[in-house]
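# Structure assessment
Listed here are the chains, written in short residue letters.
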Amino acid sequence: HGLDWIVSHGMTQGITQIAGSRRALKGNDEKGKGSVIVWNFPIEISFQSTNTYGWPRLCFSVYGIDFLGRDVLRGYASMLLPINPGMQTKSVKMYRPVSGNALQQFISWLTATQPEYHDTKITARGEGRALTRVVGESNLTLKIN
């Protein structure tokens, strides 16, 4: 959130549970669609502000297990909080940073040290991301009420 925004109630960050499915490891289900993993993470937060500059965002860092059982980054995503009340479904494209060249990419894969942001709030800001090389990943589908 921007400098004019303050949190009047609720937590500003949290960690969800670990979730997975056997179909997610195989890729597609029997209907040819990608597997779905459901996270239930209730968020209750209230903001106060004097103007709309710096509208609050939800930022996501998604991690998963690779085929060798290592915990690796799957992607980052960020979305503006909806203005309208009620149930809404939003789709957000995830992305992850990649190394500068093919040799560095192979070494980072081999050592399970994929590039990551030190400050995950960079996903909510525009500055500093222009020089980062990223690749698109899957989508997050969010149901917000």
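An account of the accompanying structure is given in this report. Worth saying up front: this structure is predicted, and the values here are computed from it rather than measured. (Residues numbered from 1 in each chain as written. Predicted model: local features only at pLDDT ≥ 70, side-chain atom pairs only at ≥ 80, totals over all residues. Heavy atoms only, no water.)

## Points about the overall build of the protein
- Looking only at helices and strands, the protein has two helices and six strands in total.
- Along its sequence from the N terminus, the protein presents helices and strands in the succession β-α-β-β-β-β-α-β.
- Of all 145 residues assigned to the protein, the portion counted as buried reaches 21%.
- Relative to all contacts within the protein whose residues are 6 or more apart in sequence, the contacts with residues 24 or more apart total 58%.
- A total accessible area of about 11,000 Å² is found for the protein, and carbon and sulfur atoms account for 55% of it. (Helix = DSSP H or I, 4+ residues; strand = E, 2+ residues; numbered from the N terminus. Buried < 20%, exposed > 50% of the residue type's maximum accessible area, 1.4 Å probe, protein only. Contact = heavy atoms within 4.5 Å. Areas by Shrake-Rupley, 256 points an atom, 1.4 Å probe, with all protein chains shown as cover.)

## What to know about helix α2 (residues 102–111)
- Between the side-chain oxygen of the N-cap and the backbone nitrogen of Leu103 there are 3.1 Å, and the N-cap of α2 in question is Asn101.
- Remark: Ala112 follows α2 within two positions and exhibits a positive phi of approximately 60°. (Polar contact = N/O pair within 3.5 Å; in protein donor to acceptor, adjacent residues only side chain to side chain.)

## Quick word on the side chain of Ser78
- Considering the arrangement of structural elements, one finds Ser78 in strand β4 (residues 71–80).
- The exposure class of Ser78 is buried, given its relative accessible area of 17%.
- Among the polar contacts listed, one links the side chain of Ser78 to the side chain of Arg57, at a separation of 3.1 Å.
- With near-sequence residues (within four places) excluded, Ser78 lies in contact with Arg57, Leu58, Cys59, Val92, Thr123 and Ala124.

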